Amino acid sequence: FMNSALQVLTNIESMRNVMSLYFNDKTMSNLEHAYINLLNGLGDKNEVSPIPTKEGSLSYIFRQAAYSVKIGTIIENINYGKEQDPGEFLIQFLDKIKPRIGEEVFQFTELSTIKCENNQDHVFQTSAPAQNLTLQIPNDKKTCTLTELLKEYSKEELLKGEDQYSCPKCNKRVNASKKLTLDT
């Protein structure tokens with residue numbers, strides 16, 4: 001689980017660029033040092049195998065788990081050698097290095113738009129900052145793309161029955177549509 005999560009993190013160019021600025025910084029935490037060492041090890045043929053992507057850039061597959069073990073021992077509630085959720089690892093990892101990399105690397109805004117079916121002029125929007133997004137992978141598909149998952153996430157949802165919306169302008173529960181979108 002850590003290996004897959006770390007592969008994702010090492011392929012985020014903006015994060016690599018920010019972290020590389022702090023290579024010799026004495027104020028870095030043990031976790032940040034382990035991550036920098038991981039990034040520096042990308043050029044070591046004994047540690048990783050570069051794999052060309054369709055876009056022409058390189059992705060990396062780790063041969064050795066040494067950096068994963070080092071990073072895993074620094075983060076609480078990580079059980080090395082046991083199956084765990086990569087998403088939980090990513091959240092813990094990013095929470096620990098967020099002060100160094102800043103919010104802007106992973107920050108986005110989730111916008112919710114609700115339209116009342118009784119009156120099309122009753123449109124309500126809310127926005128909230130977010131740093132992680134959970135996308136549901138359909139059980140009935142063997143493969144799917146990120147684009148397909150994002151379209152499903154942003155698909156308009158009907159709020160009816162027990163899920164009716166309490167429209168503040170109609171002063172009652174009404175059928176409505178809800179759509180979530182993302183803004184970076």
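Our subject is the structure that appears above.
Rules and cut-offs
Counting of residues starts from 1 at the beginning of each chain's written sequence and follows it residue by residue. Given that the model is predicted, a residue must reach a pLDDT of at least 70 before its local features are reported, and side-chain atom pairs must reach 80 or more before they are shown or counted; all residues, however, enter totals for whole chains, interfaces and linings. For the side-chain quantities, the full set of heavy atoms in the structure was used; hydrogens and water were omitted. Between 30 and 60 degrees the pair is tilted, below 30 it is stacked and above 60 it is edge-to-face, where a pair is any two Phe, Tyr or Trp rings, Trp via its six-membered ring, whose centres lie within 6.5 Å. Helical segments are the DSSP runs of H or I of at least four residues, strand segments are the runs of E of at least two, and each set is numbered from the N terminus. Here a strand pair is declared whenever DSSP counts at least two bridges between the two strands. Helix axes are fitted to C-alpha atoms over the stretch in contact, other axes to C-alpha atoms as well, and angles between N-to-C directions run from 0 to 180 degrees. A simple rule labels every residue: compare its accessible area, found with a 1.4 Å probe on the protein chains alone, to the largest value its type can have, and call it buried under 20%, exposed over 50%, or partly exposed in between. Residues enter patches when they are more than 30% accessible in relative terms and free of salt bridges; like-charged ones are connected within 9 Å and nonpolar ones (Val, Leu, Ile, Met, Phe, Trp, Tyr) within 5 Å. With residues, only the protein chains shown are counted as cover, and all accessible areas are computed by Shrake-Rupley using a 1.4 Å probe. Whenever Lys or Arg places a side-chain nitrogen within 4 Å of a carboxyl oxygen from Asp or Glu, that contact is recorded as a salt bridge. By construction, the arc corresponds to the directions joining the helix axis to the C-beta atoms. Cavity: a set of points on a 1 Å grid over the protein atoms alone where a 1.4 Å probe fits but cannot get out. Pocket: an open set with protein on both sides within 12 Å along at least five of seven lines, its lining residues, like those of a cavity, having an atom within 4 Å of a point. Grid points are joined across faces, edges and corners, and a volume is the space filled by probe spheres set on the points. Amino acids are sorted into nonpolar (Ala, Val, Leu, Ile, Met, Phe, Trp, Tyr, Cys and Pro), charged (Asp, Glu, Lys and Arg) and polar (every other residue, Gly among them).

Applying the stated criterion to the full structure yields one aromatic pair. Their ring planes at 45° and their centres at 5.7 Å tell us that Phe124 and Tyr165 sit as a pair that is tilted. Separated by 41 residues along the polypeptide, Phe124 in strand β4 (residues 123-130) and Tyr165 in strand β6 (residues 165-167) bring together distant segments of the chain.

Turning next to the sheet that holds β4. Strand order in the open sheet made by the four strands is β4-β3-β8-β5, with antiparallel pairing throughout. At either margin of the open sheet sits one strand with a lone partner, and together these are β4 and β5 (157-159). Direction aside, the axes of adjacent strands within the sheet are offset by 25° on average. As paired strands, strand β3 (residues 108-116) and strand β8 (residues 176-183) are joined by eight bridges and run antiparallel to one another. Of the residues in β8, the one forming a bridge with Ile114 is Lys178.

Although it is not a glycine, Asn171 sits at a positive phi angle of roughly 60°. Here Asn171 shows up in the loop between β6 and β7 (172-174). Among the residues examined, Asn171 registers a relative accessible area of 67% and is labelled exposed.

With that settled, consider a nonpolar patch on the surface. A cluster of nonpolar side chains, namely Leu133, Leu146, Leu150 and Leu182, defines an oily patch on the protein surface of about 300 Å² accessible area. One can find Leu150 in helix α6 (residues 146-153).

Our next topic: the pairing of β3. Pairing analysis gives eight bridges linking β3 to β4, with the strands arranged antiparallel. Directly across from Ile114, in β4, lies its bridge partner Phe124. In this structure, the hairpin formed by β3 and β4 is closed by a connection of six residues.

What follows concerns the pattern of salt bridges. Tallied over the full model, the rule gives one salt bridge. Notably, a salt bridge pairs Lys155 with Glu152, separated by 3.2 Å at the nearest N-O pair.

Working note: α-helix, 3.6 residues per turn, so residues spaced by three or four point in the same direction. Inspection of helix α2 (residues 13-20) places Met15, Val18 and Met19 among the buried residues, and these make up the whole buried set. Along the axis of α2, the buried positions cluster into a sector of 95°, meaning they face one direction only.

Further remarks concern the layout of surface pockets. Estimated volume of the second largest pocket: approximately 310 Å³. Around the second largest pocket, the lining residues are Phe108, Leu133, Leu135, Ile137, Leu146, Leu149, Leu150 and Leu182. Grouping the constituent residues of the lining of the second largest pocket by class yields eight nonpolar, no polar and no charged.

We now examine the pairing of β8. Relative to β8, β5 runs antiparallel, the two sharing three bridges. Each residue of the ladder has a partner; that of Leu159, found in β8, is Ala176.

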